[in-house]
Amino acid sequence: MSDYHYPRKPASAEEAAQSAAALIGHLQQVTETLAATSSEEDVFRVILHPALEALGAEAGTVLLLETGQLRAVATAGQEDVVSLWQDGPLSMNTPTADVINRQSPLFFGHSDELLADYPALEKRTGGRATVANAVLPMVLEGRALGVVVLDFLQAHDFLEVERRFLRVLCGQCAVALGRIRQLQEQEQLVLERTVALSAFAALTEAVGSETDLRVLARQAVEVLQSYLPELRVVYGELEQGRWEARVVSDNVTLEAATAARSGYAFGTPTLLQAVQARNCTFIDGFDAVEAGFSHAAVHGAVAFYPYFQAGQPSSVLVVGTQQTRRWTDADRAMISAVGRSLGLAMERAETSRRLRERSSELAARTRALEGFSSITRTLTPGSDPYPLIRQAEELVLSMLPEGYAHYYELTGGRWVGRVQTGDMRSAALQALVKRGFEFERAQSLFIPWTTRQPLYQNEYVRRGEQDNDTHLVAHFQSVASLPVLMNAQPVGIMVFVLFTPRKWSRTDKAVMETTVRSLGLTLERTEYARQKEAQSLAVLEARSRAEQAVLEAERQRSQAETMTHLAHHDALTGLPNRAGLIARLTEAISACTPFALFYLDLDGFKAVNDTLGHHAGDALLIQITSVLRREVMLTDGHEQVLARIGGDEFTVMVGGVLDEDRSAALALGMCSALDQPFQVAGQTVFVTASTGIAVFPGDGQTPEDLLKNADLAMYQVKRESKNGWRHYRPGMNEEARTRLQLASGLRGALGRDEFQVHYQPQVDLESGEVRCLEALLRWFPAGGEVVSPAQFIPAAEASGLIISIGQWVLDTACAQLAVWRKDGFPGLRIAVNVSPVQFARPDFVEVVQVALDRAGLEAGALELELTERGVLADLPGVLEQFRALRRLGVQIALDDFGAGEAHLGRLLHLPFDVLKLDRNLIVTLDEQPEAQRFMSALQVFASSLDLELVAEGIETPAQLEAVRTLGCHRAQGYLLGRPVAVWPSPDEE
């Protein structure tokens, strides 16, 4: 390094103090001046000149960092100083880049120090006039805004007080810049909100007067874009099952606009979700391509505001952003307000349209009635009706475009033209009409005659009366055919044919129907007057009595048919009931036709009824009926009969089925058809079916035997696993008798003290201590053998006795835990198994609270074990039960995970605390290498949900070591301790 000296170095402490006082004075002046600045230029002017003056620098530069570029925004000092700091991209390995990245200043007392650290600068600058430099960052809230550079033409020893002065000066500069920019942003935001509010006011004003929905939609787009310019807005209308854009904001790309105008399917998930919600739907982090909106390229936030007419979806307002963002409360309020205003305008426009149509229709009816009234004033009984019909035709044609009218009567099975007004424009057609044509060949006459209803054809269907005469009606465009009724019976058909296309409006129809109805009433009146003169009152009375007799006979016949139908059919579903099924089975048995009888009992239906109410249950049964009806129609059998024979019990008879493989395939199809979500009372529910199968003639010779045996097979499925099927076996009768005896023995077993609670320890795998004991119910019948829980628990559930038994187990286990805690096990917990029947009861949480209070235990001491069987369906009542227990503080464990019933998706929705791994899963650790990989993945999954893992069925040291290695928290099994009535055993104590 070359020799140089640093000027202006204080010679004494007194001089240093004076220098520091001067710098402080400069700093105070700068601080006061900065507080009054209102522009960035003022800020730079305020800081540069004091810095040059205080340190004796010859030049100063302020460079702002904007999108990776340095831009010189202010300079001060001698203009001939060749500065190293220039505009341009921020280059790495330069003093400015290092200062910005490190957010720390650099001081170079001499150019040799600068070149030692940054040798490349010599090539960039050539001959440099500056000798010493200071480079300082302007940092605001952790972000570098730019740098301040001071250039000296002499070497400079930057004293600590000078360095502090410069740091504070640059910090004050950054704060002032932040304050000014914040004020500018606030002013811009106020301006944007003012523009948005003005536009919204214009839209609100237009709602009261404008009726063109697209004009209103365009104004809504302008309001939203004035509020937030980046918004892309599309207004679409539902047309033939597709959402087609009608108004698109100008900032939407051409491809996206074209795709929007082509339309998206009604069932597009996000649009369908908004329609089902019937309200504005806001989505953050939205990816349009993934959601099915091709070319939309929206990947920020999106909102869908649906509109309805007569309760049906009609249009939608879609608002989206291009930047990844979340909707703020202000955004939601503005979009909702604009959407509501547009919706009000739509309602007003629709109301105005209906009023105009109704007014036009009433005016047309009035004109028709007035015109026809003048026609009929001169009509007398017995006079020729055809002049009246011609005048009626002329009245209607006067209100329509060019065409003709023709009145036909049916005579001898042929249509004969009686009155024509206007020219047919075809002599051949005129000749054909004069000859007449067969009754069923003229569809335009045959249909209204048989239905007694008008037939309107906006586009005439050209079917000739003979195979080669369609050319005769080639000039027909729109046709209306109306029956003329007398005493509710057709006497003729009046046809109006137009030669130009026309969509028959409500006004057109009102005119024609009013005229034809008036014509019929007038003809009735004249006919009645004629008959009154020709016949005596006695004849009229006889005819009246005869008509009444016919009506009464018809009523009695209809009533008998209705009673017969009701006696054999279910009123809710319309399916055959038990009586109707037995009648059909009897017919098949009498005909010696082999068939399979499937007995279906719904799993989980009672939970729907209890949770959502009987109306929801009925709605679910109707949906299930539709599903089963479609499935039965697909079966390939001689005869299929679907019946409902009980609350949640259905039967299916399929003829021609003998072998078990075929019947098993049919049962699988029915179970698979029911494996779907059902929408009931605004909730998604799932049900399955347990199915029993009996085959005629092998499994019974009477309808009653076949139903009983199929029911036995179904109960076997219910008892084992549900959601499956079984074929009837003769041994099932004996099993049913055994179950009956078992249920009989259970009644009173609690009062006879035949139940005991045994306890099996759960060991903490880290400490080796017993942390929890599982309470296990045992039954020791008086004078009999011990009964396995696998046998008596299902029977107790089926009979409802599980309610009192389960409460006794809960009370006993909690009381025992209180004893253990007093005897020196203060941290011990108790785990109690809960039946789905118990868990579904509305008072279950209260029962748990009472058991804890009675034992003097806190809620965290109790762990309730549940399986997914039955109770864990996706019902809101079940989820609310979980939440109530969690609020109480009780721990909840999912038992037997891995036993074949587990559903990982349920773990994401139901708030479990513990996951108990079934012993079948533990056994595979020794047999299948991939089981360990699965367990490792399961441990990660459980950890992410904050679930504690407990391994059941540990019987070998190898299994214990495996589950410890795989991260299980607790273990339970015969290796660690068998269930015992007394714990701890005297040996353990």
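Shown above is the structure to which this text applies.
Everything numeric in this text was worked out from a predicted model, so none of it was measured.

Chemist: Help me out: how do you make sense of the overall build of the chain in this one?
Modeler: What the chain contains, in helices and strands, is 30 helices and 33 strands. For the chain, the proportion of its 989 residues judged to be buried stands at 47%. Taken as a whole, the chain presents about 48900 Å² of accessible surface, with 52% of it coming from carbon and sulfur.

Chemist: Explain the pattern of salt bridges to me, please; I cannot follow it from the model alone.
Modeler: Once their charged atoms are close, side chains differing in charge can pair, the charge on each being opposite to the other. Enumeration according to the criterion identifies 37 salt bridges in this entry. The salt bridge involving glutamate 237 is made with arginine 246; its shortest N-O contact spans 3.3 Å. Here glutamate 237 falls in the buried class, since its relative accessible area comes to 18%. Residue classification places arginine 246 among the partly exposed residues on the basis of a relative accessible area of 22%. For arginine 821, the salt bridge goes to glutamate 858, with nearest N and O atoms at 2.9 Å. Remark: glutamate 858 occurs in the loop between helix H25 (844-855) and strand E29 (862-866) and arginine 821 occurs in helix H23 (residues 802-822); sequence separation between them is 37 residues. Note on glutamate 858: relative accessible area 42%, which makes it partly exposed.

Chemist: Help me out: how do you make sense of the packing of helix H18 (residues 614-634) against helix H19 (residues 660-674) in this one?
Modeler: In a packed pair of helices, the relevant descriptors are the angle between the two axes and the axis-to-axis distance. At a minimum axis distance of 10 Å, the contact between H18 and H19 shows a crossing angle of 145°. Along this stretch, H18 crosses H19, giving a crossing that reads as right-handed. Mapping the contact onto sequence places Ile624, Val627, Leu628 and Glu631 in H18 and Gly669, Met670, Ala673 and Leu674 in H19. A per-class count over the contact of H18 with H19 returns six nonpolar, one polar and one charged.

Chemist: What's the story with the sheet that holds strand E7 (residues 232-239) in this structure? I'm lost.
Modeler: Paired through backbone hydrogen bonds, the strands of a sheet run either parallel or antiparallel to each other. One open sheet holds the six strands; their spatial order is E9-E8-E7-E12-E11-E10, and the pairing between them is antiparallel. For this open sheet the edge positions go to strand E9 (264-265) and strand E10 (281-283), each flanked by a neighbour on one side alone. Taken together, the three bridges between E10 and strand E11 (residues 302-309) define a ladder with antiparallel strand orientation. What sits directly across from threonine 281, in E11, is phenylalanine 304. With respect to the sheet, helix H7 (residues 213-227) is in contact with E7, strand E8 (242-248) and strand E12 (312-320), its orientation differing from that of E8 by roughly 70°. Where helix H8 (residues 254-262) meets the sheet, it contacts E7, E8 and E9, and its direction lies at approximately 130° from that of E8.

Chemist: Would you mind going over the packing of aromatic side chains with me for this structure?
Modeler: Taken as a whole, this structure holds 23 aromatic pairs when the rule is applied. Measuring from centroid to centroid gives 4.9 Å for tyrosine 759 and tryptophan 820, while their planes differ by 80°, and the two rings are edge-to-face. Here the residue tyrosine 759 occupies a position in strand E26 (residues 755-764), and tryptophan 820 occupies one in helix H23, the gap between them amounting to 61 residues. An identical accessibility class is assigned to tyrosine 759 and tryptophan 820; each is buried. On the numbers, 5.7 Å between centres and 55° between planes, the contact of phenylalanine 839 with phenylalanine 844 is tilted. Judged on exposure class, the residue phenylalanine 839 and its partner phenylalanine 844 are both buried. Pairwise contacts between aromatic rings join Tyr404, Tyr460, Phe476 and Phe499 into one cluster. Here the basic side chain of arginine 278 rests over the ring of phenylalanine 308, its NZ or CZ set 4.0 Å away from the ring centre. Its end group placed over the ring of tyrosine 974, arginine 978 keeps NZ or CZ at 3.9 Å from the ring centre.

Chemist: Quick question: what am I supposed to make of the nonpolar core here?
Modeler: A general trend in soluble globular proteins is that nonpolar side chains are found buried together. Grouped together as the largest cluster of nonpolar side chains are 72 residues, with contacts concentrated most on Leu810, Ile830, Val832, Val848, Leu862, Leu864 and Leu917. Residues contacting isoleucine 830, with those up to four places away along its chain left out, are Tyr759, Cys772, Leu773, Ala813, Leu817, Trp820, Ala861, Leu862 and Glu863.

Chemist: Any chance you could explain the sheet that holds strand E14 (residues 414-421) here in plain terms?
Modeler: Read across the sheet, six strands follow the order E15-E14-E13-E18-E17-E16 without closing on themselves; strand pairing throughout is antiparallel. Of all the strands in the sheet, the pair left with one neighbour each is strand E15 (437-438) and strand E16 (455-457). Along the sheet, helix H11 (residues 386-397) makes contact with strand E13 (403-411), E14 and strand E18 (489-498), crossing E14 at roughly 65°. Its contacts with the sheet place helix H13 (residues 443-451) against E13, E14, E15, E16, strand E17 (478-486) and E18, and it is angled at close to 140° to E18.

Chemist: So what exactly am I meant to see when it comes to unusual backbone geometry here?
Modeler: A negative phi angle is the norm for most residues apart from glycine, just as the trans form is the norm for most peptide bonds. Residue proline 697 is bonded to the preceding phenylalanine 696 through a cis peptide linkage, with omega at 15°. The omega torsion across tryptophan 983 and proline 984 is -5°, close enough to zero to call that bond cis. By the element assignment, proline 984 lies in the segment after strand E33 (970-971). A positive phi angle, close to 55°, is found at glutamine 240, a residue other than glycine. For glutamine 240, the position within the fold is in the loop between E7 and E8. Using a relative accessible area of 79% as the deciding quantity, one classes glutamine 240 as exposed. With phi around 60°, arginine 452 is a residue other than glycine that occupies positive phi space.

Cut-offs applied
Residues numbered from 1 in each chain as written. Predicted model: local features only at pLDDT ≥ 70, side-chain atom pairs only at ≥ 80, totals over all residues. Heavy atoms only, no water. Helix = DSSP H or I, 4+ residues; strand = E, 2+ residues; numbered from the N terminus. Buried < 20%, exposed > 50% of the residue type's maximum accessible area, 1.4 Å probe, protein only. Areas by Shrake-Rupley, 256 points an atom, 1.4 Å probe, with all protein chains shown as cover. Salt bridge = Lys/Arg side-chain N within 4 Å of Asp/Glu carboxyl O. Axes fitted to C-alpha atoms, helices over the stretch in contact; angles between N-to-C directions. Left-handed = near helix turned anticlockwise from the far one by under 90°. Contact = heavy atoms within 4.5 Å. Nonpolar A, V, L, I, M, F, W, Y, C, P; charged D, E, K, R; others polar. Pairing = 2+ DSSP bridges. Phe/Tyr/Trp six-rings, centres within 6.5 Å; stacked < 30°, edge-to-face > 60°. Lys NZ or Arg CZ within 6 Å of the ring centre and 35° of its normal. Core = buried A, V, L, I, M, F, W, Y, C linked by side-chain atoms within 4.5 Å.

Any functional reading would require information beyond the geometric quantities listed.
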